[in-house]
Amino acid sequence: MKTKVTYKSFKEVWSVDHEPYKTLNVGDKVKIDFKLPGKKGLYPAVKCKKETVTLINKTDCELLFVTDRVIFNGPVDTNNCKEYAKTEIVQYLDNDVKESLNAVIGPLGKITEVRLLSVGEVFGASDYEEFAACTDERLKYFKKVNHRIAFDKDKDYSRWWWLSTPTKYESAYFCGCNSNGNANYGSADSSSIGVRFAFLIQYL
């Protein structure tokens with residue numbers, strides 16, 4: 001899947017067409033500047049300039065983007081929580097990070113959710129015995145291995161990044177995409193695995 005257009009900003013996207021789903025295609029990239037406040041003891045504060053995000057799914061009223069690289073390192077949860085919706089990463093992404101990104105998007109659209117992608121969206125319905133059942137359909141963008149590989153901020157080596165799907169183990173382990181673009185898993189309290197988040201924009 002080839003990228004047809006790279007936009008300098010979301011403002012430019014909306015200036016091209018007030019209905020961006022008509023001009024944007026899956027695989028297109030947009031540059032975005034943002035600051036994340038961090039959360040003491042869990043996630044570092046981050047300042048990103050001209051960060052590239054890629055459109056990975058769209059409807060006639062919503063656009064789903066994912067960051068191209070790992071934005072920061074941190075655990076999914078440090079409380080042995082085995083349910084994604086109750087984890088610390090959910091609280092951070094869907095509150096602090098969403099607020100920061102919406103400040104950048106401004107009046108152009110509204111980010112309704114910021115989250116980790118599921119193992120289904122990246123790899124297809126899980127047939128791994130270790131992973132919890134996941135029936136999400138694989139997004140076409142992730143069928144290519146190179147689209148599943150994320151790099152560090154300096155783009156000098158590939159990184160593991162978290163997914164939202166837990167395993168079936170008694171302790172809290174969550175699925176991740178490893179540095180080769182393959183499914184794997186790690187302890188939810190690991191602070192060495194990266195966060196490559198997705199966000200959903202609803203048009204205003």
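Each chain carries its own residue numbering, running from 1 in the direction its sequence is written. A pLDDT threshold of at least 70 governs which residues receive local features in this predicted model, and a stricter bar of 80 or more applies before side-chain atom pairs are shown or counted, although totals over entire chains, interfaces and linings include all residues. With hydrogens and water excluded, all non-hydrogen atoms of the structure serve as input to the side-chain values.

### Focus: the overall build of the protein chain
Item 1. In this text, helices come from DSSP runs of H or I with a minimum length of four residues, and strands from runs of E with a minimum of two, each type numbered from the N-terminal end. Helix and strand counts for the protein chain stand at 4 helices and 13 strands.
Item 2. Projected onto the principal axes, the alpha-carbon positions of the protein chain cover approximately 50 × 35 × 35 Å.
Item 3. Remark: exposure states derive from per-residue accessible area (1.4 Å probe, protein chains only) relative to the maximum for the residue type, with buried under 20%, exposed over 50%, and partly exposed in between. Scored against the burial criterion, the 204 residues of the protein chain give a buried share of 51%.
Item 4. Throughout, a contact is declared for two residues whenever any of their heavy atoms are within 4.5 Å. For the protein chain, contacts bridging at least 24 residues in sequence account for 61% of all contacts bridging at least 6.
Item 5. His is not counted here, nor are the chain ends, while Lys and Arg score as positive and Asp and Glu score as negative. Note on charges: their place is set at NZ of Lys, CZ of Arg, CG of Asp or CD of Glu. Mean positive and mean negative side-chain charge positions of the protein chain (30 and 27 charges, respectively) differ by 7 Å.

### Considering the nonpolar core
Item 1. To qualify as a nonpolar core, a set must consist of buried Ala, Val, Leu, Ile, Met, Phe, Trp, Tyr and Cys residues joined through side-chain atoms within 4.5 Å. One finds F10, F65, F72, I89, L93, F197 and F199 to be the most contacted residues of the largest nonpolar core, which totals 41 residues.
Item 2. Listed by contribution, the elements that provide at least two residues to this core are helix 1 (10-16), strand 2 (29-36), strand 3 (46-58), strand 4 (62-67), helix 2 (88-105), strand 6 (109-115) and strand 13 (198-203).
Item 3. For this core, the element with the most residues is helix 2, which contributes 7 residues.
Item 4. Apart from residues no more than four positions distant in its own chain, F10 is found in contact with V30, K31, I32, V53, F65, I105, L108, F199 and I201.
Item 5. In terms of nonpolar packing, the next biggest core, distinct from the first, is built from 21 residues, I56, V70, F142 and C175 among them.

### What about the sheet that holds strand 13?
Item 1. Only strands that DSSP links by at least two bridges are regarded as paired with each other. Taken together, 6 strands build an open sheet; the order of strands is 1-2-3-4-13-6 and the sheet is mixed. Across the chains shown, the open sheet's two edge strands, defined by having one partner strand only, are strand 1 (6-7) and strand 6.
Item 2. Note: strand 6 against strand 13, 6 bridges, orientation antiparallel. Note that in strand 13 the partner of V114 across the bridge is F199.

### Describing the pattern of salt bridges
Item 1. The rule for a salt bridge is simple: a side-chain nitrogen of Lys or Arg has to be within 4 Å of a carboxyl oxygen of Asp or Glu. Across all of its chains, the model carries 7 salt bridges by this definition.
Item 2. Linking D68 and K29 is a salt bridge whose minimum nitrogen-to-oxygen distance equals 2.9 Å. One end of the pair, D68, is in the loop between strand 4 and strand 5 (72-73); the other, K29, is in strand 2, and 39 residues separate them in sequence.
Item 3. With a closest N to O distance of 3.1 Å, E113 and R115 form a salt bridge.
Item 4. A cluster of three or more residues bridged by salt bridges with shared partners is formed by E113, R115 and E121.

### Considering the packing of aromatic side chains
Item 1. Here a pair means two rings of Phe, Tyr or Trp (six-membered ring of Trp) with centres within 6.5 Å. Their orientation is stacked below 30 degrees between planes, edge-to-face above 60, and tilted elsewhere. The tally for this structure, following the rule as stated, stands at 12 aromatic pairs.
Item 2. An angle of 80° between the planes, with centres 5.8 Å apart, marks the rings of F72 and Y92 as edge-to-face. Pair noted here: F72 is in strand 5 and Y92 is in helix 2, with a separation of 20 residues, a long-range link.
Item 3. Under the relative-accessibility criterion, F72 is labelled buried at 3%.
Item 4. A relative accessible area of 0% means that Y92 is categorised as buried.
Item 5. Ring centres 6.4 Å apart and planes at 40° place the aromatic pair F142 and W161 in the tilted group. Taken as a pair, F142 in the loop between helix 3 (119-123) and helix 4 (145-148) and W161 in strand 9 (residues 161-166) lie far apart in primary sequence, 19 residues in all.
Item 6. Using a relative accessible area of 0% as the deciding quantity, one classes W161 as buried.
Item 7. Clustering of aromatic rings is evident, with ring pairs tying together F10, F65 and F199.

### Topic: the pairing of strand 11 (residues 183-187)
Item 1. Pairing between strand 10 (residues 173-177) and strand 11: 5 bridges, direction antiparallel. Note on strand 11: the bridge partner recorded for F174 is G186.
Item 2. Remark: 5 residues form the turn of the hairpin made by strand 10 and strand 11, two consecutive strands paired antiparallel; G181 in that turn has positive phi of roughly 85°.

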